[in-house]
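Results of the structural survey
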Amino acid sequence: PIWAFEKFPYKTSEAAMVSIGSTYFVFGGWDDVTVRGDVHALTLAGPAQPSTNSNTPQPVNTSPTEANTKGGSAQWRCLHKAASNKDGSAPAPRRGASISAGTLAGKQVFFIFGGCDGSRRLNDAWAFDIDSNEWIAILASQPNGIQSLTNSVSSTTSSSLPPVPRDGAALAFDPMQSRLLVFGGYTETIVNEIFELRLDSSANATISHVNEDDESAYGEIGRTGVKSYVEAHWTRLRTTNPPLPRHGCFGLVCGHSFITGFGSDGKGPAKNLFQLNLADLSWTVCNVEGDEVVDARAGAAVGTSADGKRSLVFGGQTMDGRYLFSGLDIEWERAEVIGGKARR
């Protein structure tokens, strides 16, 4: 069916979008003046729900129903208003954030990482619970044992330090290891490092809630304004034969592989697809069977299925400045099945 839906509540670009079931979630973005931090949702299947601008959690039906699979209209709903600069209970407004669907403590969530708030790049991570419409801060342990949500980066060499603040990184959730993987992005230059943010086992992770009435428990975490949080740990993965630095690339986990590609490297729009074996941390070029990936693409839209086995790629800009109408339908296979190749 062809769906009609109302316009997005405001003009925006560089927003982060992810789909969970039949619902599309949009976070952040900007219009050259205002940096946004709202969360909006659009469900293309299921009962239409009224728009709202309140912070009151609105139920999200992510499953199709017979009533609306034959066509109809859908409306954008504001699930969470942007946090103010002094409110640490939600991520600061930003553009160019990385986003990925996943699970946390048995809850269906989407994760965000990094981005730019209009004056500086960021390196914090959050999870948005799509059932309660609440943000959960991911507090990473620092070398001194203190949990932090800040952008602090030490000059000492330690694998437990967070990535340097960045935007345009590839973010993917690895369900087998309950971790987030962050690759590339733009700091003060383009980078090609990869980090993991290790969470507790998803089903057993504990979401802690700050009690403002208990001064002994409030401490540093409470003073940041965080209301709910989980603990995690950053590690930089030392890999072999990494691809050239790039930003604006996509990322996904399929089986025991992390796959990335497209975006921009130091020379312009990038073409190749790359696969990181998560067992031995070796990078290889991801061969594509069938039609070749003809054009390098920067700024392409990439959507990936929940199981990480299929990606749709649309548009983008080529090395000679052309904007593309063409799309790619790429079916990823597990490395152990067909020797690390992807089939298109």
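Quick look at the structure, then.

Procedures and definitions
- Residues numbered from 1 in each chain as written.
- Predicted model: local features only at pLDDT ≥ 70, side-chain atom pairs only at ≥ 80, totals over all residues.
- Heavy atoms only, no water.
- Helix = DSSP H or I, 4+ residues; strand = E, 2+ residues; numbered from the N terminus.
- Buried < 20%, exposed > 50% of the residue type's maximum accessible area, 1.4 Å probe, protein only.
- Contact = heavy atoms within 4.5 Å.
- Areas by Shrake-Rupley, 256 points an atom, 1.4 Å probe, with all protein chains shown as cover.
- Pairing = 2+ DSSP bridges.
- Axes fitted to C-alpha atoms, helices over the stretch in contact; angles between N-to-C directions.
- Salt bridge = Lys/Arg side-chain N within 4 Å of Asp/Glu carboxyl O.
- Polar contact = N/O pair within 3.5 Å; in protein donor to acceptor, adjacent residues only side chain to side chain.

**Remarks on the overall build of the protein chain**
Regarding its fold elements, the protein chain presents 2 helices and 28 strands. Sorting the 344 residues of the protein chain into buried and exposed places 49% on the buried side. The contacts in the protein chain between residues at least 6 apart in sequence include a share of 53% that link residues at least 24 apart. Carbon together with sulfur atoms contributes 49% to the accessible area of the protein chain, which is approximately 16400 Å² in total.

**Digging into the sheet that holds strand S3 (residues 23-27)**
Overall, antiparallel pairing links the 4 strands, which are arranged S2-S3-S4-S6 in an open sheet. Bordering the open sheet on either side are strand S2 (16-20) and strand S6 (77-80), each of which pairs with just one other strand. Direction aside, the axes of adjacent strands within the sheet are offset by 30° on average. Pairing of strand S4 (residues 39-43) with S6, which is carried by 3 bridges, proceeds in the antiparallel orientation. When the sheet's bridge partners are listed, Val39 is paired in S6 with His80.

**Brief notes about the sheet that holds strand S18 (residues 250-254)**
The pairing of strands in a sheet happens through backbone hydrogen bonds and is either parallel or antiparallel. The antiparallel open sheet is built from 4 strands, whose spatial order is S18-S19-S22-S23. In this open sheet, the two strands that pair with only one neighbour each are S18 and strand S23 (282-285). Within the sheet, the average angular offset between the axes of one strand and its neighbour, ignoring direction, is 25°. The pairing of S18 with strand S19 (residues 257-261) spans 5 bridges and is classified as antiparallel. Pairing of Leu252 across the sheet is with Ile259, part of S19.

**Thoughts on the pattern of salt bridges**
One pass over the structure, following the stated rule, counts 12 salt bridges. A salt bridge links Asp129 to Lys107; the nearest nitrogen and oxygen atoms lie 3.6 Å apart. Of this pair, Asp129 sits in strand S9 (residues 121-129) while Lys107 sits in strand S8 (residues 107-116); the two residues are 22 residues apart in sequence, bridging distant segments of the chain. Classification of Asp129 as buried rests on a relative accessible area of 4%. Connected through salt bridges with shared partners, the residues Asp174, Arg179, Glu196 and Arg198 form a single ionic network.

**Some points on the environment of Arg179**
In this structure, Arg179 sits in strand S13 (residues 179-183). Residues in contact with Arg179, not counting those within four places in the same chain, are Ala172, Phe173, Asp174, Glu196, Leu197, Arg198, Leu199 and Leu278. One polar contact links Arg179 to Glu196, side chain to side chain, over a distance of 2.6 Å.

**A closer look at the pairing of S13**
Burial within S13 is extensive, with 5 of its 5 residues counted as buried. Here S13 shows two buried faces, one formed by Arg179, Leu181 and Phe183 and the other by Leu180 and Val182. Bridge analysis of strand S12 (residues 170-174) against S13 gives 5 bridges, and the strand direction is antiparallel. Bridged to Ala170 within S13 is Phe183. Counting the residues in the hairpin turn of S12 and S13 gives 4 residues, including Ser178, whose phi is positive at 50°.

**Some points on the environment of Cys116**
Along the chain, Cys116 falls in strand S8. Exposure remark for Cys116: the relative accessible area of 7% places this residue in the buried category. The sequence separation of Cys116 and Gly29 amounts to 87 residues, and the corresponding C-alpha distance is 9.5 Å. Contacts of Cys116, omitting those with residues within four sequence positions, involve Val35, Pro93, Arg94, Arg95, Arg121 and Asp167.

**Some thoughts on unusual backbone geometry**
A positive phi is found at Ser178, a non-glycine position, where the angle reads about 50°. Note on placement: Ser178 falls in the loop between S12 and S13. Phi is positive for Phe262, close to 60°, though the residue is something other than glycine. You can see Phe262 is positioned in the loop between S19 and strand S20 (264-265). Using a relative accessible area of 2% as the deciding quantity, one classes Phe262 as buried.

**Quick word on the side chain of Ser89**
Tracing the backbone through its elements, the reader meets Ser89 in the loop between S6 and strand S7 (98-104). Overall, the relative accessible area of 18% leaves Ser89 in the buried class. If we skip the residues at most four places from it in the chain, Ser89 touches Trp126, Trp135, Gly225, Val226 and Lys227.

That's the geometry; what it means functionally is another story.
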